[in-house]
Amino acid sequence: MAVRTTCPYCGVGCGLIARRAGEAAGAEVAGDASHPSNFGRLCSKGAALADTLGLENRLLHPRIRECAGAERASLEHASWERALDRVAEGFLRIAREHGPEAVAFYVSGQLLTEDYYVANKLMKGFIGGANIDTNSRLCMASAVAGHRLAFGGDLVPGCYEDFELADLVVLVGSNTAWCHPVLFQRIAEAKARRPQLRIVVIDPRRTSTCEIADLHLPIRPGTDVWLFNGLLAYLHRNGCADAEFVAKHTSGAAQALATAETSTADATELGRTCGIDPGRIETFFRIFANTPRVVTAFSQGVNQSTAGTDKVLSILNCHLLTARIGRPGMGPFSITGQPNAMGGREVGGMASQLAAHMEIENAAHRRIVQQFWASPRIADRPGLKAVELFEAIHAGRVRAVWIMATNPAVSLPDADRVREALARCELVVVSDCEADTETARLAHVLLPALAWGEKDGTVTSSERRISRQRAFLPAPGEARPDWWIVCEVAKRMGFGRYFDYAAPHEIFDEHARLSCTENDGSRMFDIGGLAGLTRERYDALEPVQWPVRSSAGRGPLVDRDDAKGVARLFTDGRFMHADRRARFVPTPPRAPAHAPDGEFPMVLNTGRIRDQWHTMTRTGRSSRLAEHRPEPFIDLNGQDALVAGVREGELARTVTRWGSMIGRVRTSGEMARGHVFVPMHWSAVVASDARAGALVSPAVDPVSGEPELKHTPAHIEPFHVDWFGVVASRRPIGGPKVAWWTLVRGEGWLRYELAGRGVPGAGADSTDWAEWARRLIGVPDDEEDFLDYFDEGSSIYRAAHLVGERLEACVYVSRRPELPARRWLASLFARPAIPDRDRAALLAGRPLASDAASTGAASDSGPLVCSCFAVGREAIASAIRAHGLRDVREVGARLKAGTNCGSCLPEIRALLAESASALSPSIQTAARGALSI
């Protein structure tokens with residue numbers, strides 16, 4: 001039976017249709033054409049969700065160990081009773097002996113709203129402290145802080161439709177094409193329908209998002225406030241302010257304008273500060289000033305900064321000055337990073353909030369929440385934000401932590417110190433669906449949670465749209481919902497009557513009722529119109545944008561006459577501060593916390609790549625998602641690579657004051673001189689030394705507490721090795737004891753990319769290599785069918801292990817990184833048998849000429865571009881050249897690439913542009929015209 005549900009990745013909140021595929025743990029997943037967030041569109045990750053649903057590496061039973069860290073005891077399977085008792089007794093004892101501030105929860109935007117609600121309720125209303133924070137602190141906290149200061153609440157005023165109605169979309173610090181692909185597709189399609197829609201991208205990198213841009217401003221990292229202060233001053237000087245709106249609906253404009261005027265002079269000075277051509281700045285200012293319908297969308301490049309709150313406020317100031325808010329096709333828009341970052345904030349899942357958008361510092365709000373919960377106590381001051389929370393764990397002030405659905409030992413800044421903190425902690429509890437993560441390796445108690453497809457509840461997207469995640473797979477093993485796990489612990493702590501829920505709809509009902517309790521319109525978050533839902537009505541809940549007030553709760557703050565939700569806020573110019581005015585907030589610009597210097601001359605930026613998510617615990621299961629960017633990499637400008645003495649395709653080390661990582665060198669052309677980018681996804685589970693979090697400075701924004709993940713001084717140095725290798729195996733081989741390795745998942749097999757120093761064994765002959773290879777791939781004795789070949793002159797070694805006629809594993813080693821085509825290796829593991837005549841090909845590392853001619857296996861189609869149809873870069877480039885293809889439709893018609901989710905379209909257009917640049921001028925003109933379609 002088909003089930004309508006919601007994607008578990010980014011905050012766009014795409015609707016999906018999922019159905020089980022037989023009795024096995026698997027499914028078919030497609031876009032939901034009726035869902036208003038995506039109308040059936042999917043990105044590459046969403047399209048590959050069915051690949052991620054297996055039970056390999058799933059945590060299926062509770063586990064306990066007596067100590068954590070390097071000397072921890074082995075894990076033991078335990079009953080739920082024993083595990084839950086251990087958690088409850090530990091938290092009760094530590095809170096009793098050291099106070100409620102000695103315990104903490106660290107939760108996640110991967111949790112459903114119902115999970116978040118009970119966790120927050122237990123911590124703030126019953127344990128009595130506020131030490132519950134979330135990994136959303138790493139991506140959305142600055143946007144939250146800016147909205148609260150300017151609007152009086154954590155409120156995103158617009159909706160996705162505004163991107164399609166706007167005449168100008170400004171994308172600031174957002175690689176939308178890769179990080180929010182479906183929203184990017186909506187913008188690109190709107191531009192195709194209305195070429196007058198202009199796109200401006202403000203980003204230090206020339207990312208795939210720039211492919212649809214009319215103007216790219218590659219500003220110097222950390223200079224956003226200077227730029228938007230300059231825009232604010234320009235708008236004021238050129239008569240673009242809406243004087244009536246500013247006078248009636250705002251306060252503080254004069255102070256904000258004075259700050260903007262003093263911090264920015266003319267375009268020439270601003271250009272020097274921001275590191276870009278003043279003419280481009282003037283063009284941007286002029287377009288913005290002359291285009292009433294403007295949406296300015298911002299994401300992690302703005303938020304993840306020690307000045308993130310000010311960056312957000314500087315953008316909001318420009319929209320408030322021109323009254324470009326609350327109307328179709330205009331407004332500031334925070335693009336959320338996780339599927340339920342907003343839902344978590346609705347229920348108070350951050351250390352600085354109470355439930356239902358109420359404030360810890362507000363005595364009336366504390367009374368409302370405590371009375372509603374009938375709780376014995378209520379937190380009366382904010383708790384520790386994420387970075388300071390783990391520092392408190394390191395210092396021993398927090399002695400017990402419960403980590404839910406996240407992997408802070410990888411994702412937090414200064415991640416090596418986070419690992420030290422968890423290794424020191426008296427009680428570490430982890431509830432997750434994965435058995436092996438870096439954080440799980442440091443836990444005392446592991447609790448098996450349900451994964452996407454198994455759990456049931458709600459999430460809220462970037463546009464305030466509440467959607468249902470519905471289960472379509474059975475719960476595996478002893479895995480349980482997160483809300484159930486929290487409630488069972490609460491019962492064992494003595495709070496059972498307050499956590500006696502039978503199903504998630506009961507939690508949602510309580511959440512909805514709290515939102516409208518004593519809410520006379522003073523709080524915008526109100527879903528009282530959804531209170532009282534039965535299980536059947538909850539199961540049938542359609543996507544809806546809050547506020548959704550009951551008839552008794554309707555007030556003057558929104559323009560509506562029913563309970564179907566609200567697309568846009570502030571349509572009447574009334575905001576959520578007590579005087580109903582928005583606040584201009586002055587934003588004096590300041591540099592990032594740490595500046596480059598002689599030892600660390602480059603600026604490190606971290607972020608996502610197109611086909612992976614967070615620490616790869618879900619996307620890492622998909623072989624097709626693995627091939628787009630299969631290895632951790634270091635992307636830098638070609639001239640910087642030359643200066644550092646590193647080369648494309650070889651290995652290098654990125655070093656900062658806090659740590660280092662090793663990756664494959666890329667010179668993509670995206671990076672300006674002095675800047676380097678590394679992806680955030682790889683952990684010690686899948687690579688030897690590739691944790692980006694270990695590099696990042698722990699400096700945070702003083703208001704939001706969000707860390708500066710986009711600006712850490714660094715240097716690049718060669719990582720010298722003697723040989724490179726690739727191992728392919730049907731079974732895991734563990735972490736190879738070599739200088740560097742990374743794991744890439746294939747379809748039914750695993751690939752390990754290796755690099756080493758010296759020669760395994762005592763000498764340099766084939767015997768040493770053979771013994772090493774046998775141990776590595778687990779060939780038990782000499783009776784096994786093991787083939788190998790060693791070329792002493794070139795130090796090339798090759799080996800293969802077969803069982804019967806089926807290939808079990810193979811090893812290839814060379815002094816240079818040029819090794820057998822990985823797509824060819826995949827074809828070997830797809831074959832049920834390797835006949836005798838093909839064994840020579842195994843040792844040659846390539847198909848025999850006769851086989852290559854008949855199968856085309858000799859050619860490598862290059863790095864994957866289209867994940868949906870497994871089409872590589874070289875295959876696309878060859879087709880463009882051979883057939884004279886001029887636009888993405890022709891490429892799709894011939895190769896299917898780009899015809900499904902569309903995530904690869906920017907790269908296909910880039911390949912078309914590369915081809916066009918090599919054509920004669922007249923053909924180039926025609927090709928460029930075709931590329932604009």
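Residues numbered from 1 in each chain as written. Predicted model: local features only at pLDDT ≥ 70, side-chain atom pairs only at ≥ 80, totals over all residues. Heavy atoms only, no water.

K.L.:
How do you make sense of unusual backbone geometry when you look at a structure like this?
P.N.:
It is generally the case that most residues other than glycine have a negative phi and that most peptide bonds are trans. The linkage connecting Trp546 with the following residue, Pro547, adopts the cis geometry, with an omega of 5°. Counting through the fold element by element, Pro547 comes out in the loop between β19 (544-545) and β20 (582-583). One non-glycine residue, Ala323, adopts positive backbone phi at about 60°. Relative to the helices and strands, Ala323 is located in the loop between α14 (308-321) and β13 (331-334). Here the phi dihedral of Ser795 falls at roughly 55°; this positive angle occurs in a residue that is not glycine. Tracing the backbone shows Ser795 in the loop between β30 (785-791) and β31 (796-803). (Helix = DSSP H or I, 4+ residues; strand = E, 2+ residues; numbered from the N terminus.)

K.L.:
Explain the packing of helix α8 (residues 224-237) against helix α12 (residues 278-289) here, please?
P.N.:
When two helices pack together, their arrangement is given by the angle between the helix axes and by the axis-to-axis distance. Two elements in contact, α8 and α12, have axes separated by 10 Å at closest approach and are oriented at 55°. Comparing their axes, α12 and α8 come out oblique. α8 and α12 meet at a crossing whose hand is right-handed. Residues Leu227, Phe228, Gly230, Leu231, Tyr234 and Leu235 of α8 form the contact with α12, whose own contacting residues are Ile281, Phe284, Phe285, Arg286, Phe288 and Ala289. (Axes fitted to C-alpha atoms, helices over the stretch in contact; angles between N-to-C directions. Parallel < 35°, antiparallel > 145°, perpendicular 65-115°, else oblique. Left-handed = near helix turned anticlockwise from the far one by under 90°. Contact = heavy atoms within 4.5 Å.)

K.L.:
Sorry if this is basic, but what is going on with the sheet that holds strand β12 (residues 294-298) here?
P.N.:
Either a parallel or an antiparallel arrangement is found when strands of a sheet pair, and the pairing is made through backbone hydrogen bonds. With parallel pairing, five strands are arranged side by side in an open sheet as β10-β9-β8-β12-β13. Edge strands, defined here as strands with exactly one partner in the open sheet, are β10 (215-217) and β13. Neighbour-to-neighbour, the strand axes of the sheet open up by a mean angle of 15°, direction not taken into account. (Pairing = 2+ DSSP bridges.)

K.L.:
What am I meant to see in the side chain of Asp203 here?
P.N.:
Turning to its location among the elements, Asp203 is positioned in the loop between β9 (198-202) and β10. No salt bridge is formed by the buried Asp203. Its closest oppositely charged neighbour is Arg205, at 5.5 Å. A polar side-chain atom of Asp203 sits 2.9 Å from the main-chain amide nitrogen of Arg205. Not counting chain neighbours up to four residues away, the residues in contact with Asp203 comprise Gly173, Ser174, Asn175, His216, Leu217, Pro218 and Ile219. (Buried < 20%, exposed > 50% of the residue type's maximum accessible area, 1.4 Å probe, protein only. Lys, Arg positive; Asp, Glu negative; His and termini not counted. Salt bridge = Lys/Arg side-chain N within 4 Å of Asp/Glu carboxyl O. Polar contact = N/O pair within 3.5 Å; in protein donor to acceptor, adjacent residues only side chain to side chain.)

K.L.:
Just to check I follow, could you spell out a negative patch on the surface for this structure?
P.N.:
A cluster of acidic residues, Asp266, Glu269, Asp277 and Glu282, forms a negative patch at the surface. Mapping Glu282 onto the fold places it in helix α12. Residue Glu282 is classed as partly exposed on the basis of its relative accessible area, which comes to 43%. (Patch = residues over 30% accessible without salt bridge, like charges linked within 9 Å, V, L, I, M, F, W, Y side chains within 5 Å. Areas by Shrake-Rupley, 256 points an atom, 1.4 Å probe, with all protein chains shown as cover. Charge placed at Lys NZ, Arg CZ, Asp CG, Glu CD.)

K.L.:
Would you take a moment to explain the pairing of strand β2 (residues 15-20) for this structure?
P.N.:
When a strand is regular, its side chains alternate between the sheet's two faces. Inspection of the sheet shows strand β1 (residues 3-6) paired to β2 by four bridges, in the antiparallel sense. Within β2, the residue paired with Val3 across the bridge is Ala18. Two elements, β2 and strand β3 (residues 27-31), share five bridges in a ladder whose sense is antiparallel. Counted as the bridge partner of Ile17 is Ala30 from β3.

K.L.:
Help me out: how do you make sense of the nonpolar core in this one?
P.N.:
Looking at soluble globular proteins, one finds that nonpolar side chains tend to be buried together. Counting 219 residues, the largest nonpolar core has Phe105, Phe284 and Trp402 as the members making the most contacts within it. Those residues in contact with Phe105, other than ones at most four positions away along the chain, are Phe91, Ala119, Leu122, Met123, Ile127, Asn131, Ile132, Asp133, Leu389, Trp402 and Met404. Counting residues in each nonpolar core, the second largest holds 27 residues, with Leu138, Val428, Ala435 and Ala440 among its members. (Core = buried A, V, L, I, M, F, W, Y, C linked by side-chain atoms within 4.5 Å.)

K.L.:
Just to check I follow, could you spell out the sheet that holds strand β32 (residues 806-814) for this structure?
P.N.:
Strands sit in the order β28-β29-β27-β32-β31-β30 across an open sheet of six strands; the sheet is antiparallel. The open sheet terminates on both sides in strands that have one partner only, identified here as β28 (740-745) and β30. Each adjacent strand pair in this sheet contributes to an overall mean axis angle of 10°, direction not counted. By the bridge criterion, six bridges tie strand β27 (residues 723-729) to β32 in an arrangement that is antiparallel. Across the sheet, the residue bridging to Val726 is Tyr812, located in β32. Packed onto the sheet, helix α26 (residues 822-830) meets β27, β29 (750-756) and β32 and runs at close to 160° relative to β32.

K.L.:
Looking at this model, I keep getting lost on helix α4 (residues 141-151). Mind explaining?
P.N.:
Given 3.6 residues per turn, any residue in an α-helix points the same way as the ones three and four places further on. For α4, the tally of buried residues reaches nine of 11 residues, placing the bulk of the element in the interior. Among all positions in α4, only Ala141, Ser142, Ala143, Val144, Ala145, Gly146, His147, Ala150 and Phe151 are buried. The inward-facing, buried residues of α4 contact β12, α13 (300-303), α14, β13, α15 (341-346) and β20. In the stretch just after α4, Gly152 is the one whose phi turns positive, near 90°.

K.L.:
Looking at this structure, I do not really get the packing of aromatic side chains. What am I missing?
P.N.:
One pair of aromatic rings is described through two measures. These are the centre distance and the angle between the planes. For the structure on display, the rule yields 29 aromatic pairs. With a centroid separation of 5.8 Å and 50° between ring planes, the pair formed by Phe284 and Phe285 is classed as tilted. A single burial state applies to Phe284 and to Phe285, both of which are buried. Look at Phe284 and Phe288: their rings are 6.1 Å apart centre to centre, the planes differ by 80°, and that puts the pair in the edge-to-face class. In this pair, Phe284 and Phe288 both sit in helix α12, four residues apart, roughly one turn of the helix. Judged by its relative accessible area of 1%, Phe288 is buried. Pairwise contacts between aromatic rings join Phe228, Tyr234, Phe284, Phe285 and Phe288 into one cluster. When the ring centre of Trp484 is taken as origin, the NZ or CZ atom of Arg480, which lies over that ring, is 5.8 Å away. (Phe/Tyr/Trp six-rings, centres within 6.5 Å; stacked < 30°, edge-to-face > 60°. Lys NZ or Arg CZ within 6 Å of the ring centre and 35° of its normal.)

K.L.:
Help me understand helix α17 (residues 386-395), please; the structure alone is not making it clear to me.
P.N.:
Burial of α17 is extensive: seven of the 10 residues sit out of reach of the surface. For α17, the complete set of buried residues consists of Ala386, Val387, Leu389, Phe390, Ala392, Ile393 and His394. The secondary structure elements touched by the buried residues of α17 are β6 (103-107), β7 (132-134), β14 (400-404), α18 (408-411) and α19 (415-424). Within two residues after α17, Gly396 carries a phi angle of roughly 90°, on the positive side.

K.L.:
What is the right way to look at the confidence of the model for the protein chain in this model?
P.N.:
Detail in the predicted coordinates should be disregarded across regions flagged by low pLDDT. On average, residues of the protein chain score 92 in pLDDT, and 94% of them are at 70 or above. Predicted confidence for residues 852-858 stays below pLDDT 50, and this span has seven contacts to residues more than four positions away or in other chains. Predicted confidence is poor over residues 922-933, with pLDDT under 50, and the contacts of this stretch with residues over four places away or in other chains come to 16 contacts. (pLDDT = per-residue confidence, 0-100.)

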